Amino acid sequence: MSLSEAQFERYARHLILDEVGEQGQARLMASRVLVVGAGGLGSPLLLYLAAAGVGTLGIVDDDTVDLSNLQRQIVHPTSRIGASKVESARQTLAEINPEVAVETHAVRLDAANAAVLVRRYDLIADGSDNFATRYLLNDVCYAERRTLVGAALSPFEGQLSTFKAYLGPPHPCYRCLFREAPPPDLVPRCETAGILGAVAGVIGTLQATEVLKELLGLGDSLSGQLLIYDALRAGFHKIKVPRDPDCPTCGR
């Protein structure tokens, strides 16, 4: 893929990186990434992937923009309250980088459509806010041999990891880390627990970085590690995640 003069200028700061260069930028422009959720995590994730020139971005979300979203879901402006989140995000990304193709899926990811959607993309980024979707994506990505970069938020914390158990040991999957979902009353949702909006920005931006690293084959993957950010203590730490030989998804 040859770059146009405008593309050379747009991606100049990528092109001068020895680790990226023209070949890496061309790889990004040929990549297809599915982002599940156009909310607190999906917003910075989508903005940075579009700015980086990822060729095709798929967005899955069946929700509409609400005033209470705007404190953290920065892909949506006030003028689009009431609009479909995927359409609102598409319009914003078109302003950021009109060269990126945006495929909108205004549906809720479920067992009936997950495999069909996942199969269409090279890499999946999970910005969902519920355990049912996380476990579904984990199992489908394993079956379809797709790398999954997943993140989650709590009021002042965030966590991030990459899952590619389809490559075999020692790579774990999400169920190796969390075999079963905790009881609903132990993990309150954002509507009841609240969240410091900028925490979503920190984790979503880190998630975008890991997606770009995986697409480019750069640096150390987060596969086998859980990165945890504590905003109140201004600290990061990592936890090793071993592959579980008895995992119901990847241990069979």
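Above this text sits the structure in question.
Predicted model, so just to flag it, every value in this text is computed and none were measured.

Criteria and thresholds
- Residues numbered from 1 in each chain as written.
- Predicted model: local features only at pLDDT ≥ 70, side-chain atom pairs only at ≥ 80, totals over all residues.
- Heavy atoms only, no water.
- Axes fitted to C-alpha atoms, helices over the stretch in contact; angles between N-to-C directions.
- Helix = DSSP H or I, 4+ residues; strand = E, 2+ residues; numbered from the N terminus.
- Parallel < 35°, antiparallel > 145°, perpendicular 65-115°, else oblique.
- Left-handed = near helix turned anticlockwise from the far one by under 90°.
- Contact = heavy atoms within 4.5 Å.
- Salt bridge = Lys/Arg side-chain N within 4 Å of Asp/Glu carboxyl O.
- Buried < 20%, exposed > 50% of the residue type's maximum accessible area, 1.4 Å probe, protein only.
- Pairing = 2+ DSSP bridges.
- Right-handed = clockwise from strand over helix to strand, strands pointing away.

1. A short note on the packing of helix H4 (residues 42-52) against helix H10 (residues 197-216)
Here is step 1 of the chain: With their axes 8 Å apart at the nearest point, H4 and H10 run at an angle of 40° to one another. Taken as axis vectors, H4 and H10 run oblique relative to one another. Where H4 crosses over H10, the handedness of that crossing is right-handed. Contacts from Pro44, Leu45, Tyr48, Leu49 and Ala52 of H4 reach H10 at Ala200, Gly201, Gly204, Thr205, Gln207, Ala208, Val211 and Leu212.

2. A word on the pattern of salt bridges
Here is step 1 of the chain: Applying the stated rule across the entire model yields twelve salt bridges.
Here is step 2 of the chain: Arginine 90 is paired through a salt bridge with glutamate 87; the nearest N and O atoms lie 2.6 Å apart. Taken together, the positions of arginine 90 and glutamate 87, both in helix H5 (residues 85-96) and three residues apart, correspond to about one turn of that helix.
Here is step 3 of the chain: In this structure arginine 90 comes out as partly exposed when scored by relative accessible area, which is 31%.
Here is step 4 of the chain: By relative accessible area, which is 29% here, glutamate 87 ends up partly exposed.
Here is step 5 of the chain: Of the charged contacts in the structure, one is a salt bridge between lysine 164 and glutamate 214, with a shortest N-O distance of 2.9 Å. Taken as a pair, lysine 164 in the loop between strand S6 (157-163) and helix H8 (174-177) and glutamate 214 in helix H10 lie far apart in primary sequence, 50 residues in all.
Here is step 6 of the chain: According to the relative accessible area criterion, lysine 164 is buried, its value standing at 12%.
Here is step 7 of the chain: Three or more residues joined by partner-sharing salt bridges are found here, namely Arg32, Glu103 and Arg120.

3. A short note on the pairing of strand S3 (residues 101-105)
Here is step 1 of the chain: Bridge count between strand S2 (residues 56-60) and S3: five bridges; the pairing is parallel. The residue of S3 that forms the bridge with valine 60 is histidine 105.
Here is step 2 of the chain: This β-α-β element, S2 to H5 to S3, shows right-handed connectivity.

These figures capture arrangement, not role.
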